[in-house]
Amino acid sequence: MAKKGQKFKVWTAEEKYKIITPIINLEESLSQISKKTGINTSMLHSWTNLYKEKGIDGLKNKKKPGNPLSKYSNKKCLTKEEQLEYENMKLRIENEMLKKGYLMKEDGTYVKFTK
């Protein structure tokens, strides 16, 4: 079970391919690779299926992990372009929240709107 604040390993497509190559070539079994690498057999099974269906592109991560705003909020000196991107992203998030029926208070917190 995941612990609070735990960082998960993000595997690149090349790393995944290197790990599952012996499975695809029938050199080693899923359980042998699992014991060797410490990766769950179900994860290895899903990687091999993705590779068989879509090739190396199937192993690529669908989205980048993490909070997209953190890249801007952690910097002290933002360029003008980065300031505009940060403001734009905040406005998009606010817009999505309003579409879902949330209202923003003066202090910047959201409250669910009910009739």
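See the structure printed just above.
Residues numbered from 1 in each chain as written. Predicted model: local features only at pLDDT ≥ 70, side-chain atom pairs only at ≥ 80, totals over all residues. Heavy atoms only, no water.

Summarise the side chain of E82; cite the residues concerned and give the values.
Positionally, E82 belongs in helix α5 (residues 80-99). Using a relative accessible area of 18% as the deciding quantity, one classes E82 as buried. Beyond its immediate chain neighbours, meaning those up to four positions away, E82 contacts Y72, K75 and C77. (Helix = DSSP H or I, 4+ residues; strand = E, 2+ residues; numbered from the N terminus. Buried < 20%, exposed > 50% of the residue type's maximum accessible area, 1.4 Å probe, protein only. Contact = heavy atoms within 4.5 Å.)

A description of the packing of aromatic side chains should follow, citing residues and the corresponding values.
What characterises a pair of aromatic rings is the spacing of the ring centres plus the angle enclosed by the ring planes. The final tally for this structure, using the stated rule, is two aromatic pairs. Taken together, a centroid distance of 5.8 Å and an interplanar angle of 70° make the contact between W11 and W47 edge-to-face. Taken together, the residues W11 in the segment before α1 (13-24) and W47 in helix α3 (residues 41-54) connect sequence positions 36 residues apart. The ring centre of W11 lies 4.8 Å from the NZ or CZ of K9, which sits over that ring. (Phe/Tyr/Trp six-rings, centres within 6.5 Å; stacked < 30°, edge-to-face > 60°. Lys NZ or Arg CZ within 6 Å of the ring centre and 35° of its normal.)

Outline α1, supporting the account with residue identities and numerical values.
Along α1, the positions that sit buried rather than exposed are A13, K16, I19, I20, P22 and I23. Where α1 is buried, its residues touch α2 (30-37) and α3.

Taken by themselves, the reported measurements are silent on function.
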